[in-house]
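These are the residues of each chain, in order.
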Amino acid sequence: MREAPSQRIAPTALRAWRIAAGMVNIILWLLVITLGILTYIYEFSTWYVTIALILVLVLLILFVVVIPKIRYRRWRYEIFDKEIYIQHGLIIVTRTIVPMTRVQHVDTTQGPILKRFNLAGVQISTAATIHTIPALEEADAIQLRDRISELARVAIDDV
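Residues numbered from 1 in each chain as written. Predicted model: local features only at pLDDT ≥ 70, side-chain atom pairs only at ≥ 80, totals over all residues. Heavy atoms only, no water.

Draft legend 1. Quick peek at the pairing of strand S7 (residues 130-137). Pairing analysis gives six bridges linking strand S6 (residues 119-125) to S7, with the strands arranged antiparallel. From the neighbouring strand, valine 122 faces S7, where its bridge partner is isoleucine 133. Linkage of S6 to S7, two consecutive antiparallel strands, is achieved through a turn of four residues. (Pairing = 2+ DSSP bridges. Helix = DSSP H or I, 4+ residues; strand = E, 2+ residues; numbered from the N terminus.)

In structure tokens, the structure reads:
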């Protein structure tokens, strides 16, 4: 069996993922507060609010603290002359090999949270699907995009 890829994504990806998860969690907290207000106004049982509070607290810990740490540890990639090797997953670890001859085009993506941390993702498109390497330093992502594009061109010329 082949060893795991050696390249890691940027360490600041953890902070970016935690902020994104926190923003979703804020929406859940607003829904719980709304449920609490409705419970008070219409004199519903407080069990609904208690269960919702516990659930949102568990989701906060899970998605803001635990999952980003595991996700960061598992995300790896490596670029070879003839293939791209990607590993990711939380419980089930997926290792994907993308042949350079299958690469159609390569993009960099950057949302507002990634932009705040000077991070970008690299999307590798094949005929079947899109493979993403998330949260690389912006300069590294641009350099990686250009390198994959060049290697894909050479691989197609060799065929």
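Draft legend 2. Inspection of helix H1 (residues 13-42) at higher detail. Along its 30 residues, H1 runs 44 Å from first to last C-alpha, staying within 8% of the 44 Å computed at 1.5 Å per residue. Listed as buried for H1 are Ala13, Leu14, Ala16, Trp17, Ala21, Gly22, Asn25, Val32 and Thr39. Each element contacted by the buried residues of H1 is listed here: helix H2 (47-74), helix H3 (112-116), S6 and S7. (Expected span 1.5 Å × (residues − 1). Buried < 20%, exposed > 50% of the residue type's maximum accessible area, 1.4 Å probe, protein only. Contact = heavy atoms within 4.5 Å.)

Draft legend 3. Up close: the nonpolar core. Counting 31 residues, the largest nonpolar core has Ile84, Val103, Val122, Ile124, Ile133 and Ile148 as the members making the most contacts within it. Examining the composition of this core, we find that six residues originate from one element, helix H4 (residues 138-158), more than from any other. Among residues more than four places away in sequence, those in contact with isoleucine 133 are Ile9, Trp75, Tyr77, Ile86, Ala120, Gly121, Val122, Ile124 and Leu144. (Core = buried A, V, L, I, M, F, W, Y, C linked by side-chain atoms within 4.5 Å.)

Draft legend 4. Structural context of unusual backbone geometry. Non-glycine residue glutamate 43 carries a positive phi angle of around 55°. Counting through the fold element by element, glutamate 43 comes out in the loop between H1 and H2. Among the residues examined, glutamate 43 registers a relative accessible area of 72% and is labelled exposed. Positive phi, normally seen in glycine, also occurs at alanine 135, with a value near 55°. Mapped onto the fold, alanine 135 is located in strand S7.

Draft legend 5. Just H2, in detail. A rise of 1.5 Å per residue sets the reference length of H2, with its 28 residues, at 40 Å; its end C-alpha atoms lie 38 Å apart and thus fit the reference within 8%. The largest bend in H2 comes to about 40°, at isoleucine 67, with the proline proline 68 one to four residues further on. At its buried positions, H2 is contacted by strand S1 (7-8) and H1. (Bend = angle between axes of the 7 residues up to and from the residue.)

Draft legend 6. Spotlight on the pattern of salt bridges. Tallying each qualifying case throughout the model produces two salt bridges. Ionic pairing is found between arginine 2 and glutamate 83, a salt bridge with its closest N-O pair at 2.5 Å. Note that arginine 2 is positioned in the segment before S1 and glutamate 83 in strand S3 (residues 83-88), a separation of 81 residues in sequence. Judged by its relative accessible area of 38%, arginine 2 is partly exposed. For glutamate 83, a relative accessible area of 18% puts it in the buried group. The residue aspartate 146 makes a salt bridge to arginine 145 at a minimum N-O spacing of 3.2 Å. Relative accessible area serves as the criterion here: at 24%, arginine 145 is assigned to the partly exposed category. (Salt bridge = Lys/Arg side-chain N within 4 Å of Asp/Glu carboxyl O.)

Draft legend 7. The packing of aromatic side chains, seen in detail. Here the structure, examined in full by the defined rule, presents one aromatic pair. Positioned above the aromatic ring of tyrosine 85, the side-chain terminus of arginine 2 is 5.0 Å from the ring centre. Just above the ring of tryptophan 17 sits the side chain of arginine 71; from NZ or CZ to the centre is 3.8 Å. (Phe/Tyr/Trp six-rings, centres within 6.5 Å; stacked < 30°, edge-to-face > 60°. Lys NZ or Arg CZ within 6 Å of the ring centre and 35° of its normal.)

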